[in-house]
Amino acid sequence: MLDLKNVTVIFNQDTINEKKALSNVNLHLDKGDFVTIIGSNGAGKSTLFQAISGAVEMTDGQVLLDGIDITDLPEYKCSRSIGRLFQDPLKGTAPSMTIEENLSLASQRGKHFSLNLFTKHNRNDYIDALKELDLGLEKRLDTKVGTLSGGQRQALTLLMATLVTPQLLLLDEHTAALDPKTAMKVLSLSEKIVKEHQITTLMITHNMEDALKYGNKTMIMKDGQIVSIIEGQEREKMTVENLIQLYSSSAKEYTDRVLLVD
């Protein structure tokens, strides 16, 4: 479903500031795979997402999504099939627009854009979808998104990213800026949506417990490379302590951003 072939990203190539952010990364995921990703700062996790989504130009390699080469597609074209959430809740929504207007924009992924898509039928669909968030947002369709809390905006962004089911979902530490209770709620919503729609998903996290709790595979990155993928019985039997030992042995340095629990 997702195939990365020798993906390499070098910033400031052939200069004194040259930095190899990704080095010959190879990965194959089947439809419905949910992979959690851990790694120290600078391991290449976010750059990997940028390369997949067309946000940065790759130096070498290929990205294939469901057999289609998307390597050279610009980010806005990749967004037709790839949903993405960021660590910052302020990203992913238009703050000066209402909840309904934001959802209307999201519902047009892959379609010819129209400003005249506000219908009673669509409004009812939005209300039903918002009820699933259990945040009372279904009663606030006319509320400007900029007035929502960080957790509400992140939950709305998750809904927007999956309103039209994407082929791939990228979750880039999407709960890191939220309080523990809200983070748990957004993670549960993420898992529910991913399972219901069998969305192939990659999720970056610094929480070791979450790295094992969610998804069916855990991937460790170091120095722009994938150094380990844990799955199957090995992952089922793995404890947080085991994962920390494995991570520590592969990570360049153990940072205080790695958490055991929320």
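Quick note: structure is the one above.
On a predicted model such as this, the values are computed, not experimentally measured, just so you know.

> For this particular structure, what's the right way to read the packing of helix α3 (residues 99–106) against helix α5 (residues 150–162)?
Running from amino to carboxyl end, α3 crosses α5 at an angle of 30 degrees, the nearest separation of the two axes being 8 Å. When the axes of α3 and α5 are compared, the pair comes out roughly parallel. In this structure, α3 crosses over α5, and the sense of that crossing is right-handed. Residue-level contacts link I99, N102, L103 and A106 of α3 to L156, L159 and M160 of α5. Looking at side-chain class alone, the contact of α3 with α5 contains six nonpolar, one polar and no charged residues.

> Please explain the environment of G215 as it appears in this structure.
As for its position among the elements, G215 is in the loop between α7 (208–213) and β9 (217–222). Separated by 179 residues in sequence, G215 and T36 place their C-alpha atoms 6.5 Å apart. Apart from the residues within four sequence positions on either side, G215 is in contact with F34 and R235.

> What is the right way to look at the environment of A155 in this model?
Locating A155 in the fold gives a position in helix α5. By relative accessible area, A155 is classed as buried at 0%. It is 7.9 Å that separates the C-alpha atoms of A155 and L189, two residues lying 34 residues apart in sequence. Contact partners of A155, with chain neighbours within four places excluded, come to L133, L135, V186 and L189.

What counts, and where the lines are drawn
- Residues numbered from 1 in each chain as written.
- Predicted model: local features only at pLDDT ≥ 70, side-chain atom pairs only at ≥ 80, totals over all residues.
- Heavy atoms only, no water.
- Axes fitted to C-alpha atoms, helices over the stretch in contact; angles between N-to-C directions.
- Helix = DSSP H or I, 4+ residues; strand = E, 2+ residues; numbered from the N terminus.
- Parallel < 35°, antiparallel > 145°, perpendicular 65-115°, else oblique.
- Left-handed = near helix turned anticlockwise from the far one by under 90°.
- Contact = heavy atoms within 4.5 Å.
- Nonpolar A, V, L, I, M, F, W, Y, C, P; charged D, E, K, R; others polar.
- Buried < 20%, exposed > 50% of the residue type's maximum accessible area, 1.4 Å probe, protein only.

Without other data, these values stay purely geometric and don't point to any function.
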